[in-house]
Amino acid sequence: MSDNPFSDPNTPLDPDARLKRLTFRAWRRGFKEADLIMGRFADTKLYDLSPDEVDEFERLLDAPDTEVYAWICGTIETPTNYEGPVLDALKTFDYEALAAEGDGPSS
């Protein structure tokens, strides 16, 4: 935080800090199943996404975890405003293949 009371507290994060923050959030969704899917996806795929895809991933992190989990599992229909390549990738992501890495962040 700046000592200047007139500085903008909402200055953008540098891209690397943003990705680290999103990875942290992905591992702390609210229930273990969502953590495993979103967290492992972030660990392995997030740094390869385009800026638009990172924005999409962040929108998914902002949505309620029970709904995102249901969209990924296909138990409820995804609203059109959440459809996109990142959600499609999450639906086909083999998070179980990374089970040997444990149930938490890789770093």
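Above: the structure in question.
Read on for a plain summary of the structure. For clarity, every value in this text was computed on a predicted model and none was experimentally measured. (Residues numbered from 1 in each chain as written. Predicted model: local features only at pLDDT ≥ 70, side-chain atom pairs only at ≥ 80, totals over all residues. Heavy atoms only, no water.)

Quick notes on the overall build of the chain
Note the cut-off: We count a stretch as a helix when DSSP gives it H or I for four or more residues in a row; a strand needs E for two or more, and each element gets its number in order from the N terminus. Exposure classes here rest on a 1.4 Å probe applied to the protein chains alone. A residue is buried below 20% of its type maximum, exposed above 50%, and partly exposed in between. By the convention used here, residues are in contact when the closest approach between their heavy atoms is within 4.5 Å.
Within the chain, the secondary structure is distributed over five helices and zero strands. For the chain, the sequential pattern of α-helices and β-strands runs α-α-α-α-α. Taking all 107 residues of the chain together, the buried fraction comes to 33%. Considering only contacts in the chain between residues 6 or more positions apart, those separated by 24 or more positions represent 63%.

Section: the environment of proline 51
As for its position among the elements, proline 51 is in helix α3 (residues 51-62). The spatial distance from the C-alpha of proline 51 to the C-alpha of proline 15 is 9.2 Å, given a sequence separation of 36 residues.

Section: the nonpolar core
Note the cut-off: The definition of a nonpolar core used throughout is a set of buried Ala, Val, Leu, Ile, Met, Phe, Trp, Tyr and Cys residues joined through side-chain atoms within 4.5 Å.
Counting residues in each nonpolar core, the largest one holds 21 residues, and the members touching the most others are Met38, Leu46, Phe57 and Leu90. Taken together, the elements giving at least two residues each to this core come down to α1 (15-26), α2 (32-45), α3, α4 (65-73) and α5 (85-92). Leave out the neighbours within four places in its chain, and methionine 38 touches Ala26, Arg29, Phe57, Leu60, Leu61, Val68, Ile72 and Leu90.

Section: the packing of α1 against α3
Short version of the rule: Axis definition: a line fitted to C-alpha atoms, limited for helices to the stretch in contact. Angles are taken between N-to-C directions and run from 0 to 180 degrees. Crossings are classed by handedness, with left-handed meaning an anticlockwise turn of the near helix from the far one by less than a right angle and right-handed meaning a clockwise turn. Side-chain classes follow a simple rule in which Ala, Val, Leu, Ile, Met, Phe, Trp, Tyr, Cys and Pro form the nonpolar group, Asp, Glu, Lys and Arg form the charged group, and the remainder, Gly included, forms the polar group.
As a packed pair, α1 and α3 sit with axes 11 Å apart at the nearest point and diverge in direction by 35 degrees. Considering the relative orientation of α1 and α3, their crossing is left-handed. Residues Arg18, Leu19, Leu22, Arg25 and Ala26 of α1 form the contact with α3, whose participating residues are Val54, Asp55, Phe57, Glu58, Leu61 and Asp62. When the residues that make up the contact of α1 with α3 are grouped by side-chain class, the tally is six nonpolar, no polar and five charged.

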